[in-house]
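The lines below spell out each chain.
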Amino acid sequence: MNWLDWLSDFFTAPERLSGPDSIVHRVSEHLLFSGEALLFATLVAVPLGLLIGYTGRGVTVVTAFAGAARALPTLGLVTLAVLLAGVGDTAVLIPLVALAAPPLLVAAVEGVRGTDPDVRDAARGIGLTHPQVLWQVCLPSAAPTLLAGFRTATVQVIATATVAAYVGLGGLGRYVIDGLATRQYAVTVGGALLVVLLAVAAQLFFALLARFALPAGVRAQQRAH
């Protein structure tokens, strides 16, 4: 039996079609972990990045932080989180948020800093306050960069959310871990393939979002650069 047959058996097995070990259930768990991590990272990193990008203060610190955060070992953070918070969702969310926050922070900073200074000065000249300039002028200009940051963070989190299985939680990592533990390598490969497909789907989603959801003026500005 070749790998194609094994994968066919994996995807058509009754337990993959319904129940707690079904593909739909595991994908839902995986997306839930990923979505929660992205939400928390967004709430922390994006407002902070917009503020730093607008004021210009702390840009060097952000760059250094983002570089250092990329070097953090995810499994090491999971282990530390388990020791501090115990086994549970928190042990997974902490490393995933730490993974998602840097690209979102950098994207927000660089997006706002990339706003044309003359446009910002003109907005101030017609009487807009600093918060109004940030939200009405800088944020639309930063939208393509922010979207790229969200795409990077989303793909990284989806690919890494398999760590949930290391602390006994669900998601697609269950297939990878359980398949290795039982030497059912087709299950491991099937789980890994599902993670890859989910990451590719996220890439396509953000590509479509950039193509159709951004305002026409912002898309024209993006092409000009």
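Position numbers for residues start from 1 in each chain and track the written sequence from start to end. In keeping with the model being predicted, local features are shown solely for residues with a pLDDT of at least 70 and side-chain atom pairs are shown and tallied solely at 80 or more, while totals for entire chains, interfaces and linings include all residues. Note that water and hydrogens are dropped before the side-chain values are worked out from all heavy atoms of the structure.

Visitor: Where do I start with the confidence of the model for the chain in this structure?
Guide: Low pLDDT means the predicted coordinates in that region are not meant to be read closely. Confidence of the predictor in every single residue is expressed as pLDDT, which spans 0 to 100. Taken over all residues, the pLDDT of the chain has a mean of 82, while the share at 70 or more is 83%. Here helix H11 (residues 216–224) stands out as the element of the chain with the lowest mean pLDDT, 55, in contrast to helix H3 (residues 23–55), whose mean of 91 is the highest. Helix and strand definitions follow DSSP, with helices as H or I runs of at least four residues and strands as E runs of at least two, each counted in order from the N terminus.

Visitor: Honestly, the side chain of Arg-16 in this entry has me stumped. Any pointers?
Guide: Assignment of secondary structure puts Arg-16 in helix H2 (residues 14–17). With residues near it in sequence (within four places) discarded, Arg-16 still touches Phe-10, Phe-11, Asp-21, Ser-22, Ile-23, Tyr-175 and Val-187. Residue contacts are counted whenever heavy atoms from the two residues lie within 4.5 Å of one another.

Visitor: Could you clarify how one ought to interpret the packing of aromatic side chains in this entry?
Guide: How two aromatic rings sit relative to each other is set out by the distance from centre to centre and by the angle between their planes. Aromatic rings from Phe, Tyr and Trp, with only the six-membered ring used for Trp, were paired whenever their centres fell within 6.5 Å, and each pair was classed as stacked if the ring planes differed by under 30 degrees, edge-to-face if by over 60, and tilted otherwise. One pass over the structure, following the stated rule, counts one aromatic pair. The interplanar angle of 80 degrees and the centroid separation of 5.3 Å between the aromatic rings of Phe-205 and Phe-206 together place this pair among those described as edge-to-face.

Visitor: Explain the pattern of salt bridges here, please?
Guide: Between side chains of opposite charge, a pair can form when the charged atoms approach closely. Each salt bridge in this description consists of a side-chain nitrogen of Lys or Arg and a carboxyl oxygen of Asp or Glu lying within 4 Å of one another. Under the counting rule described, the total for this entry stands at five salt bridges. When the shortest N-O distance is used, the salt bridge between Arg-16 and Asp-21 registers 2.7 Å. Between buried and exposed lies partly exposed: a residue is buried under 20% and exposed over 50% of the maximum accessible area for its type, with that area taken using a 1.4 Å probe on protein chains only. By relative accessible area, Asp-21 is classed as partly exposed at 23%. The shortest N-O distance in the salt bridge between Asp-21 and Arg-26 comes to 3.1 Å. A single network of salt bridges, built from pairs that share partners, joins Arg-16, Asp-21, Arg-26 and Glu-29.

Visitor: Help me understand the nonpolar core in this model?
Guide: Inside soluble globular proteins, nonpolar side chains tend to come together where they are buried. Put simply, a nonpolar core is a bunch of buried Ala, Val, Leu, Ile, Met, Phe, Trp, Tyr and Cys residues held in one set by side-chain atoms that sit within 4.5 Å of each other. Counting residues in hydrophobic clusters, the biggest one holds 36 residues, and the most contacted among them are Val-92, Leu-96, Val-112 and Val-133. Elements that contribute at least two residues to this core include exactly H3, helix H4 (59–70), helix H6 (89–113) and helix H8 (130–160). The element contributing the most residues to this core is H6, with ten residues. Not counting residues up to four positions away in its chain, the partners in contact with Val-92 are Val-163, Ala-164, Val-167 and Leu-169.

Visitor: Before we go on, may I ask you to explain unusual backbone geometry in this structure?
Guide: The phi dihedral of Arg-183 falls on the positive side, at around 60 degrees, and the residue is not glycine. Relative to the assigned elements, Arg-183 resides in the loop between helix H9 (173–181) and helix H10 (185–212). With relative accessibility at 67%, the residue Arg-183 sits in the exposed group.

Visitor: Hey, could you run me through H10 in this one?
Guide: In this model H10 runs 40 Å from its N-terminal to its C-terminal C-alpha over 28 residues, within 8% of the 40 Å that 1.5 Å per residue would give. Residues of H10 that are buried include every one of Ala-186, Val-187, Thr-188, Gly-190, Gly-191, Leu-194, Val-195, Leu-198, Ala-199, Ala-202 and Phe-206, and no others. One fewer than the residue count of a helix, multiplied by 1.5 Å, yields its expected span.

Visitor: Looking at this structure, how should I read the packing of H3 against H8?
Guide: A packed helix pair is summarised by two numbers, namely the angle formed by the two axes and the spacing between the axes. Relative orientation of the contacting elements H3 and H8 amounts to 145 degrees, with a least axis distance of 10 Å. Crossing of H3 against H8: the hand is right-handed. Contacts from His-30, Ser-34, Ala-37, Leu-38, Thr-42, Val-46, Leu-50 and Tyr-54 of H3 reach H8 at His-130, Val-133, Leu-134, Trp-135, Cys-138, Leu-139, Leu-146, Phe-150, Ala-153, Thr-154, Val-157 and Ile-158. In this classification, Asp, Glu, Lys and Arg are treated as charged, Ala, Val, Leu, Ile, Met, Phe, Trp, Tyr, Cys and Pro as nonpolar, and every other residue, Gly included, as polar. The residue makeup of the contact of H3 with H8, split by class, is 15 nonpolar, five polar and no charged. Axis lines are fitted through C-alpha atoms, for helices just across the contact stretch, and the angle between N-to-C directions can take any value from 0 to 180 degrees. The handedness criterion is simple: a crossing whose near helix is rotated anticlockwise from the far helix by less than a right angle is left-handed, and one whose near helix is rotated clockwise is right-handed.

Visitor: Hey, could you run me through a nonpolar patch on the surface in this one?
Guide: The patches described consist of residues with a relative accessible area above 30% and no salt bridge, like charges being joined within 9 Å and nonpolar side chains (Val, Leu, Ile, Met, Phe, Trp, Tyr) within 5 Å. Per-residue and other accessible areas were derived by the Shrake-Rupley procedure at a 1.4 Å probe size, with only the shown protein chains allowed to occlude residues. Judged by side-chain polarity, Leu-193, Val-196, Leu-197, Val-200 and Leu-204 come together as a nonpolar surface patch covering roughly 420 Å² of accessible area. As for its position among the elements, Val-196 is in helix H10.

Visitor: I would appreciate a short explanation of the packing of H3 against H6 in the present structure.
Guide: As a packed pair, H3 and H6 sit with axes 6 Å apart at the nearest point and diverge in direction by 35 degrees. Considering the relative orientation of H3 and H6, their crossing is right-handed. Among the residues making up the contact of H3 with H6, the classes are represented as 21 nonpolar, three polar and three charged.

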